[in-house]
Number of protein chains: 4
Amino acid sequence: MTYTAQMLDTYPADINLEHDQLSHVIDALSSCAQACTACADACLSEPADQLPMLARCIRDNLDCADICTAAASVLSRHTGYDARLTKAQVEAAIQATKTCGDSCAEHSASHEHCRVCAQSCRETEQALKDLLPKLTPSGKGAEQPHQAAPQQRI
Amino acid sequence: MTYTAQMLDTYPADINLEHDQLSHVIDALSSCAQACTACADACLSEPADQLPMLARCIRDNLDCADICTAAASVLSRHTGYDARLTKAQVEAAIQATKTCGDSCAEHSASHEHCRVCAQSCRETEQALKDLLPKLTPSGKGAEQPHQAAPQQRI
Amino acid sequence: MTYTAQMLDTYPADINLEHDQLSHVIDALSSCAQACTACADACLSEPADQLPMLARCIRDNLDCADICTAAASVLSRHTGYDARLTKAQVEAAIQATKTCGDSCAEHSASHEHCRVCAQSCRETEQALKDLLPKLTPSGKGAEQPHQAAPQQRI
Amino acid sequence: MTYTAQMLDTYPADINLEHDQLSHVIDALSSCAQACTACADACLSEPADQLPMLARCIRDNLDCADICTAAASVLSRHTGYDARLTKAQVEAAIQATKTCGDSCAEHSASHEHCRVCAQSCRETEQALKDLLPKLTPSGKGAEQPHQAAPQQRI
């Protein structure tokens, strides 16, 4: 159990996205980052004759972990929401989970950790794709994305 | 649901820690990092008259998020396990969750997000403290921590 | 002085980008992430009456730091290079440095740390824009970006 | 050139450490994180017969990058400074740069990227060790570390 949903529910201003969906995406990203970090490490402990063909998979794992971690953080912030920035990082995470999911899927038959990691990547990619069309400017000044979100003026 | 437990179970070498406990700690760290990132942001959206007294809390949130994220990654790796390095980062995370838990607890009565975040920090701090004594050199060469873990020699 | 250029020069395979340019972009990203982390913190120590109008700036600082850090890591990896993934994260960093540069620029007259941070963001945004058109699939199999990079086959 | 020194000089409150020294440590940490990320990737592109003996080095590189990145962020924040937390993360970074420096040094003769990365680790370890004794509670209330730093009270 994570605290993601509770943190959304206790945010002191409006959030222009369904809490259930957003909470699911953030948790999927965090879990995918962990799976990718663990999969890179599991690959490193495979027998010597397996390592060379896992080099690209390890690299994709590392990129995917970094990009998903950044995306989870961006989606956890709502103050001064800028739809353009959020969309750009979500798009990067869609590509990273696609690339890494493909790499891991190539090794799913031989390596159980790659099979589990591929599943996490696919699930996260889908969750991100479902969220993407909902990332739109919101509230007053929605035509100026950057100024459309809860923020304070004295 | 996360994939942490499955990733531990599919690791291709021995892990010298109980999977259930390690999985719980990693998940607590990831969730705490998210709660801290979200709490820092929630603080930023509080009314103007509340912000100054939340400045230190925001700072502690940010440190705790960074340190817990690093600790979760270190604990997700098992290849070439070095007990000294793992312990040092776990100790840093114990201090960070203590400091941030204390900061958030000061504001729990006024801000629900601080109450939830403090709970996540306390839970993670306890999980880390339970794990710490089990982080010992393992396997052959255990007296040389760095060389005690699954790693490959040609 | 950083070791970025030396690390590029000692990479054991070909890198399909000019080392000088790539090294400059990676260093700009790392420095921008640091400036944004420091600027968020400096904002938190401004007088109480300034804090509310800095809330969005702090948020943009935090996003920009996370995204630039991820981009620097992705650009520091060359094994199994996938142009699509690299481009997506570079595009996210261009947007993040634009958004954060704009936010900080609004406060440059009042806060020196915002002026310095805006300069770092603008410089990094420009370096990323100059790099973007050069991020193309490379080598054999360039039409399949993912398989175009140095990687090993047994 | 980084903006670290300028960000320290424009911080709107007192910082209880010499700016030159602190700036040098933060820059060393950022540079070391980059070198470690690059070294892990360079190892992955080494010939197949070299990979197995580099597995532990890659793991140490990844830990060191994560821990140095977190330490650089913590040292870039001064609001509500808590000497205990900062020291704990600096100690973790000392151990990580020691462990990774040792790992890379084992391969310095065969791999230039390991030689450069070891140099970065050693330099950063020394800079951190020089800083550690200066991380003391400061200002009013110094006996209560957490409350000793610039922070705002209404």
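These figures come from a predicted structure and were not determined experimentally. (Residues numbered from 1 in each chain as written. Chains lettered and ligands numbered in written order. Predicted model: local features only at pLDDT ≥ 70, side-chain atom pairs only at ≥ 80, totals over all residues. Heavy atoms only, no water.)

A.B. asks: Requested: an account of the overall build of chain A, with residues and values cited.
C.D. replies: Tallying secondary structure elements over chain A gives five helices and zero strands in all. For chain A, the succession of helices and strands along the chain, N to C, is α-α-α-α-α. The buried share among the 154 residues of chain A stands at 66%. Counted over contacts in chain A with a minimum sequence separation of 6, partners at least 24 positions apart contribute 70%. As displayed, chain A offers around 5,100 Å² of accessible surface, 50% of which is attributable to carbon and sulfur atoms. (Helix = DSSP H or I, 4+ residues; strand = E, 2+ residues; numbered from the N terminus. Buried < 20%, exposed > 50% of the residue type's maximum accessible area, 1.4 Å probe, protein only. Contact = heavy atoms within 4.5 Å. Areas by Shrake-Rupley, 256 points an atom, 1.4 Å probe, with all protein chains shown as cover.)

A.B. asks: Got a sec to walk through the interface of chain D and chain B? Specific residues and values, please.
C.D. replies: Each partner contributes to the interface: chain D provides 37 residues, whereas chain B provides 37 residues. For the pair chain D and chain B, the summed buried surface comes to about 3,300 Å²; carbon and sulfur atoms form 56% of the total. For the chain D face of the interface with chain B, the top three residues by lost area are Arg56, Arg59 and Arg77 of chain D, together amounting to 21%. Counting every contact that joins chain D to chain B gives four salt bridges. (Buried area = accessible area lost by both parts, 1.4 Å probe. Salt bridge = Lys/Arg side-chain N within 4 Å of Asp/Glu carboxyl O.)

A.B. asks: Explain the relation of the copies chain D and chain B to me, and be specific about the residues and the numbers.
C.D. replies: Once chain D has been moved 0.0 Å along the axis and rotated by 180°, it coincides with chain B to within an RMSD of 0.0 Å. Such a combination of rotation and displacement between the chain copies is what one expects of a two-fold axis. The fraction of interface residues of chain D whose copies in chain B are also interface residues reaches 100%, indicating that both copies meet through the same surface. (Least-squares fit on C-alpha atoms with pLDDT ≥ 70 in both.)

A.B. asks: A description of the interface of chain B and chain A should follow, citing residues and the corresponding values.
C.D. replies: In this assembly, 39 residues from chain B lie in contact with 39 residues from chain A. A buried area of about 3,400 Å², summed over both sides, lies between chain B and chain A, and 57% of it is on carbon and sulfur atoms. Inspection of the region where chain B meets chain A yields zero salt bridges. Our count for the chain B to chain A interface comes out at 18 residue pairs in polar contact (both at pLDDT 80 or more). For the side of chain B that touches chain A, the secondary-structure elements that each account for two or more residues are α1 (4-9), α2 (19-44), α3 (51-75) and α5 (112-131) of chain B. Looking at the side of chain B that touches chain A, its residues break down into 17 nonpolar, 17 polar and five charged. (Polar contact = N/O pair within 3.5 Å; in protein donor to acceptor, adjacent residues only side chain to side chain. Nonpolar A, V, L, I, M, F, W, Y, C, P; charged D, E, K, R; others polar.)

A.B. asks: Could you give me a rundown of the pattern of salt bridges, with the residues and numbers involved?
C.D. replies: When charged atoms on two side chains of opposite charge get close, those side chains can pair. The final tally for this structure, using the stated rule, is 40 salt bridges over all chains. For Arg56 of chain C, the salt bridge is made with Asp60 of chain C, and the minimal N-O distance between the two is 3.9 Å. Of this pair, Arg56 of chain C and Asp60 of chain C both sit in helix α3 (residues 51-75), four residues apart, roughly one helical turn. The pair formed by Arg56 of chain C and Asp60 of chain C is uniform in burial state, with each residue classed as buried. When salt bridges with common partners are traced through the structure, they connect Arg59, Asp63 and Asp66 of chain A together with Arg77 of chain C into a single cluster.

A.B. asks: I'd like a description of the nonpolar core, backed by residues and values.
C.D. replies: Core analysis: the biggest nonpolar cluster contains 215 residues, and Leu29 of chain A, Leu29 of chain B, Leu29 of chain C together with Leu29 of chain D have the highest contact counts within it. Setting aside anything within four residues of it in sequence, one finds Leu29 of chain C in contact with Cys68, Ala71, Ala72, Leu75, Ala93, Thr124 and Leu128 of chain C. (Core = buried A, V, L, I, M, F, W, Y, C linked by side-chain atoms within 4.5 Å.)

A.B. asks: Lay out helix α5 (residues 112-131) of chain D with the relevant residues and their values.
C.D. replies: Taking 1.5 Å of rise per residue, the 20 residues of α5 of chain D would be expected to cover 28 Å, and the 29 Å separating its terminal C-alpha atoms lies within 8% of that figure. The set of residues buried in α5 of chain D consists of His113, Cys114, Val116, Cys117, Ala118, Ser120, Cys121, Thr124, Glu125, Ala127, Leu128 and Leu131 of chain D. The elements touched by buried residues of α5 of chain D are α1 (4-9) of chain C together with α2 (19-44), α3 (51-75) and α4 (83-106) of chain D. (Expected span 1.5 Å × (residues − 1).)

A.B. asks: Tell me about the environment of Ser110 of chain D, residues and numbers included.
C.D. replies: Along the polypeptide, Ser110 of chain D turns up in the loop between α4 and α5. Sequence spacing of Ser110 of chain D and Leu22 of chain D is 88 residues, and the spatial spacing of their C-alpha atoms is 34 Å.

A.B. asks: Give a description of the environment of Thr124 of chain D that names residues and reports values.
C.D. replies: Residue and element names in this part refer to chain D. On the secondary structure map, Thr124 appears in helix α5. Judged by its relative accessible area of 1%, Thr124 falls in the buried class. Sequence separation of Thr124 and Val25 is 99 residues, and the distance between their C-alpha atoms is 6.9 Å. A polar side-chain atom of Thr124 sits 2.7 Å from the main-chain carbonyl oxygen of Ser120.

A.B. asks: Describe the environment of Glu18 of chain B, with residues and values.
C.D. replies: On the secondary structure map, Glu18 of chain B appears in the loop between α1 and α2. The sequence separation of Glu18 of chain B and His78 of chain B amounts to 60 residues, and the corresponding C-alpha distance is 13 Å.

A.B. asks: Just give me the short version of the packing of helix α2 (residues 19-44) of chain A against helix α5 (residues 112-131) of chain A, but keep the residues and values in it.
C.D. replies: Residues and elements named next belong to chain A. Viewed as axis vectors pointing N to C, α2 and α5 meet at an angle of 155°, and their least axial separation amounts to 9 Å. By the angle class used here, α2 and α5 are roughly antiparallel. Read as a crossing pair, α2 and α5 show a hand that is left-handed. (Axes fitted to C-alpha atoms, helices over the stretch in contact; angles between N-to-C directions. Parallel < 35°, antiparallel > 145°, perpendicular 65-115°, else oblique. Left-handed = near helix turned anticlockwise from the far one by under 90°.)

A.B. asks: An account of the packing of α4 of chain D against α5 of chain D is needed here, citing residue identities and associated values.
C.D. replies: Residue and element names in this part refer to chain D. At a minimum axis distance of 8 Å, the contact between α4 and α5 shows a crossing angle of 155°. The angle between α4 and α5 places the two elements in the roughly antiparallel class. Judged by the twist between their axes, the crossing of α4 over α5 is left-handed. The residues of α5 that touch α4, namely those facing Val90, Ala93, Ile94, Thr97, Lys98, Cys100, Gly101, Asp102, Cys104 and Ala105, are Cys114, Cys117, Ala118, Cys121, Arg122, Thr124, Glu125, Leu128 and Lys129.

A.B. asks: If you had to explain the confidence of the model for chain A to someone new, which residues and values would you point to?
C.D. replies: All names here are of chain A. Of all residues in chain A, 89% have pLDDT values of 70 or greater, and the mean over the chain is 92. Scored below 50 in pLDDT, residues 147-154 shows 35 contacts in the model against residues more than four places distant or in partner chains. This prediction of the complex comes with two scores: 0.94 for pTM and 0.92 for ipTM. (pLDDT = per-residue confidence, 0-100.)

A.B. asks: Help me get a handle on the state of the cysteines, residues and values and all.
C.D. replies: What the rule picks out here adds up to zero disulfides over all chains. A disulfide-free cysteine, Cys68 of chain A has its sulfur positioned 3.9 Å from the sulfur of Cys64 of chain A, the nearest such atom. (Disulfide = S-S within 2.5 Å.)

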